[in-house]
Amino acid sequence: MTQTTFTDLGLSEPLLRALEARKFEIPTPIQADTIPALLANKDVLGIAQTGSGKTAAFSLPILQHLAAQQVRPAPFAARALILAPTRELALQIDETVRYLSVNLKLRTVVIIGGASRFKQVEAMRRGADIVIGTPGRVCDLMQTRELQIGGVNRFVLDEADRMLDLGFIKDIRRIVAALPPQRQSCLFSATMPVEVASLANSLLRDPIRVEIARTEEDAPKIEQFVHHLPQSGKQSLLLSMLQDEALSRVIVFTRTKHGANKVAGVLENAGIQVNAIHGNKSQPQREKALREFRSGRARVLVATDIAARGIDVTGISHVINFDLPVEAESYVHRIGRTARAGAAGIAISFCDSSERGVLRQIERSMNYTITVVGEAPGPMTQQPKRNAAPQQQRRRYSDRNQRGGMRSAA
Ligand code: AMP
């Protein structure tokens, strides 16, 4: 059987050249299914995680459509609108759109909170072929008519489940109400709870459903471990783990902003290059933190859940849950930061006695038992499920890396 290529999907020559320059040779499964449907003007309901290649899947047909129309956007008007739940994700989508449209003359404007509103309005003065934004700031500019979406005929709602988690439903409804009925819409979501299904129902017309069933082969290869220990032991365990150079690019998750600052402070004092990223950081601070993490200048990024959503940094060797998340679903999003685009990765969770309940929920929701590598203290002591003492385990993390299982830093 021959493999589908981007040419087979019906993409135009300038886009094929951009893909080639980026060394995207083979469409990912979500791309192979979504691109023809969108090029045929169908609405799409995509169930896919970050890491599946969904950004290019929805961007390429939009670019092809806009370039073929050869019309200029009116001042303050957008021709296509892509909504993302977080600023970081919006910026990442923008980056993808920019390199995919390198051979086309299209104007992209990013409209996100935490960045200069003035500059965004100035950029909209010339109109935009594509606006990529977060719901709050998009609504804000719509209200003053500095963003006009009445002529948008390509609309994308990305990470719809997260949008709803973050309480954006009202903003989304306002935005959708201002879109023309004659449009193509597509909605992507990692999960399909009933609220998302109902939103999709109201948004999409006779959509093609694209769902990538995870096979053994394309499921992220993430090894998962848990240490049972008291809260007071977490800092020193983290420091001792980070002595191992195999932990080359590490995201540490904390539950609170304060916790993130505290952990980052401890690591900094120990001479580790680290940044924290959370809701109290300004947009320039977040961008700097991501830049340094991406380039390898900072080895560790300490993050809260919301700040980390959508972070697409390749080569993350380890995800450490300093605190377990409140919701089981966030665990899957967190560990998905590693093992991107087919690479392997390791997730290590620290679990104190108050977090046992959520650990059980996580395991139940994944239908998977996480390997215990540290003794459970106190009356709830469990036998380690796989017999590996912490020291042995440390070696295992390194060995794994030496086997070449991890992707090198990009
Ligand atoms: P996304 O799911 O859109 O966040 O994409 C995940 C990662 O896969 C990004 O780093 C993309 O640059 C990369 N990617 C997307 N499509 C392809 C492809 N067809 N071939 C190789 N890499 C890809």
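Please refer to the structure higher up on the page.
The notes below deal with the structure included here. All values derive from a computational prediction rather than experimental measurement.

Focus on the side chain of R334
Here is step 1: Within the element layout of this structure, R334 appears in helix 14 (residues 328-335).
Here is step 2: A polar contact of 2.7 Å, which involves the side chain of R334, links it to the backbone oxygen of D323.
Here is step 3: Aside from chain neighbours lying at most four places away, what touches R334 is F253, T254, D305, V319, N321, D323, L324 and P325.

Here's the deal with the environment of I172
Here is step 1: Relative to the elements of secondary structure, I172 occurs in helix 8 (residues 169-178).
Here is step 2: With a relative accessible area of 0%, I172 lands in the buried category.
Here is step 3: When the C-alpha atoms of I172 and L157 are compared, they prove to be 8.8 Å apart, with 15 residues separating the residues in sequence.
Here is step 4: The contact partners of I172, leaving out residues within four places of it in the chain, are L157, M163 and L199.

Considerations on helix 2 (residues 29-39)
Here is step 1: Residues of helix 2 that are buried include every one of I30, Q31, T34, I35, A37 and L38, and no others.
Here is step 2: Each element contacted by the buried residues of helix 2 is listed here: strand 1 (44-47), helix 3 (54-69), strand 6 (184-189) and strand 7 (208-211).

Topic: the pattern of salt bridges
Here is step 1: Under the criterion given, the structure shown has 17 salt bridges.
Here is step 2: The salt bridge partner of K54 is E159, with a shortest N-O separation of 3.4 Å. Taken together, the residues K54 in helix 3 and E159 in the loop between strand 5 (154-157) and helix 7 (160-165) connect sequence positions 105 residues apart. Residue K54 shares its accessibility class with E159, and that shared class is buried.
Here is step 3: One continuous salt-bridge network, built from bridges that share partners, spans R117, R137, D140 and E146.

Here's the deal with the site of the ligand
Here is step 1: Neighbouring residues of the ligand: 15 residues in total, closest I26, Q31, G51, G53 and T55.
Here is step 2: One of the side-chain N or O atoms of Q31 is found 2.8 Å from a nitrogen atom in the ligand.
Here is step 3: Between the ligand and the protein, one listed contact pairs an oxygen atom with a backbone N or O atom of G51 at 2.7 Å.
Here is step 4: Here the ligand, which alone exposes 500 Å², has 80% of that area covered by the protein.

Some points on the nonpolar core
Here is step 1: Core analysis: the biggest nonpolar cluster contains 37 residues, and F58, L60, L63, I82, I93 and I130 have the highest contact counts within it.
Here is step 2: Among the secondary structure elements, those contributing two or more residues to this core are helix 1 (13-21), helix 2, helix 3, strand 2 (78-83), helix 4 (87-100), strand 4 (128-133) and strand 6.
Here is step 3: For this core, the element with the most residues is helix 3, which contributes seven residues.
Here is step 4: Apart from the residues within four sequence positions on either side, I82 is in contact with F58, I62, I93, V97, I130, V131, I132, G133 and V156.
Here is step 5: In terms of nonpolar packing, the next biggest core, distinct from the first, is built from 34 residues, L83, I111, V196 and A200 among them.

A look at the sheet that holds strand 12 (residues 318-321)
Here is step 1: Judged by pairing direction, the sheet is parallel, and its seven strands sit side by side in the order 10-11-9-12-13-8-14 without closing on themselves. Every other strand in the sheet has two partners, leaving strand 10 (274-277) and strand 14 (371-374) as the edge strands with one partner each. Averaged over all pairs of adjacent strands, the angle between their axes in this sheet comes to 25°, without regard to strand direction.
Here is step 2: Where strand 9 (residues 250-253) meets strand 12, four bridges bridge the pair, whose relative direction is parallel. Residue pairing for strand 12: F253 is matched across the bridge by N321.
Here is step 3: Of the strands in this sheet, strand 8 (221-228), strand 9, strand 12 and strand 13 (344-351) are in contact with helix 14, which crosses strand 12 at around 150°.

Remarks on the pairing of strand 8
Here is step 1: Of all the eight residues making up strand 8, six are buried; the element is thus mostly covered by neighbouring parts of the structure.
Here is step 2: Examined bridge by bridge, strand 8 and strand 13 share eight bridges and lie parallel to one another. Among the inter-strand pairings, I222 is bridged to a residue of strand 13, identified as G345.
Here is step 3: With three bridges joining them, strand 8 and strand 14 adopt parallel strand pairing. Bridging across to strand 14, F225 finds its partner in T371.

Focus: the packing of aromatic side chains
The geometry of an aromatic ring pair comes down to the distance between the two centres and the angle between the two planes.
Here is step 1: Enumeration according to the criterion identifies three aromatic pairs in this entry.
Here is step 2: Taking the centre distance of 5.7 Å and the plane angle of 50° together, the rings of F58 and F188 count as tilted. With F58 in helix 3 and F188 in strand 6, this residue pair connects regions lying 130 residues apart in the sequence.
Here is step 3: According to the relative accessible area criterion, F188 is buried, its value standing at 0%.
Here is step 4: Between F322 and F350 the ring centres are 5.9 Å apart and the planes differ by 55°, which places this aromatic pair in the tilted class.

About the criteria used
Along every chain, residues carry numbers that run from 1 in the direction the sequence is written. In view of the model being predicted, local features appear only for residues whose pLDDT reaches at least 70, and side-chain atom pairs are presented and counted only at 80 or more, with totals across whole chains, interfaces and linings using the full set of residues. Side-chain numbers here rest on the full set of heavy atoms in the structure, without hydrogens or water. Segments assigned H or I by DSSP are reported as helices when at least four residues long, segments assigned E as strands when at least two residues long, and all are numbered from the N terminus. For the purposes of these results, a polar contact is taken to be a pair of N or O atoms within 3.5 Å, where, inside protein, one atom must be able to donate a hydrogen and its partner to accept one; residues adjacent in sequence count only when each atom of the pair is a side-chain atom. Should any heavy atoms of two residues lie within 4.5 Å, those residues are counted as being in contact. Residue exposure (1.4 Å probe, protein chains only): buried if accessible area is under 20% of the type maximum, exposed if over 50%, otherwise partly exposed. Every case where a carboxyl oxygen of Asp or Glu lies within 4 Å of a side-chain nitrogen of Lys or Arg is listed as a salt bridge. One heavy atom within 4 Å of a molecule or strand makes the whole residue count as near it. Where accessible areas are quoted, they stem from the Shrake-Rupley method and a 1.4 Å probe; at the residue level, only the protein chains shown are allowed to cover. In these notes, a set of buried Ala, Val, Leu, Ile, Met, Phe, Trp, Tyr and Cys residues joined through side-chain atoms within 4.5 Å is what counts as a nonpolar core. Pairs of strands are assigned from DSSP output, requiring at least two bridges between the strands. Simply put, an axis is a line fit to the C-alpha atoms, just over the touching stretch for a helix, and the angle between two N-to-C directions goes from 0 to 180 degrees. Each aromatic pair joins two rings of Phe, Tyr and Trp (for Trp, the six-membered one) with centres within 6.5 Å, and gets the label stacked for planes under 30 degrees apart, edge-to-face for over 60, and tilted for any other angle.

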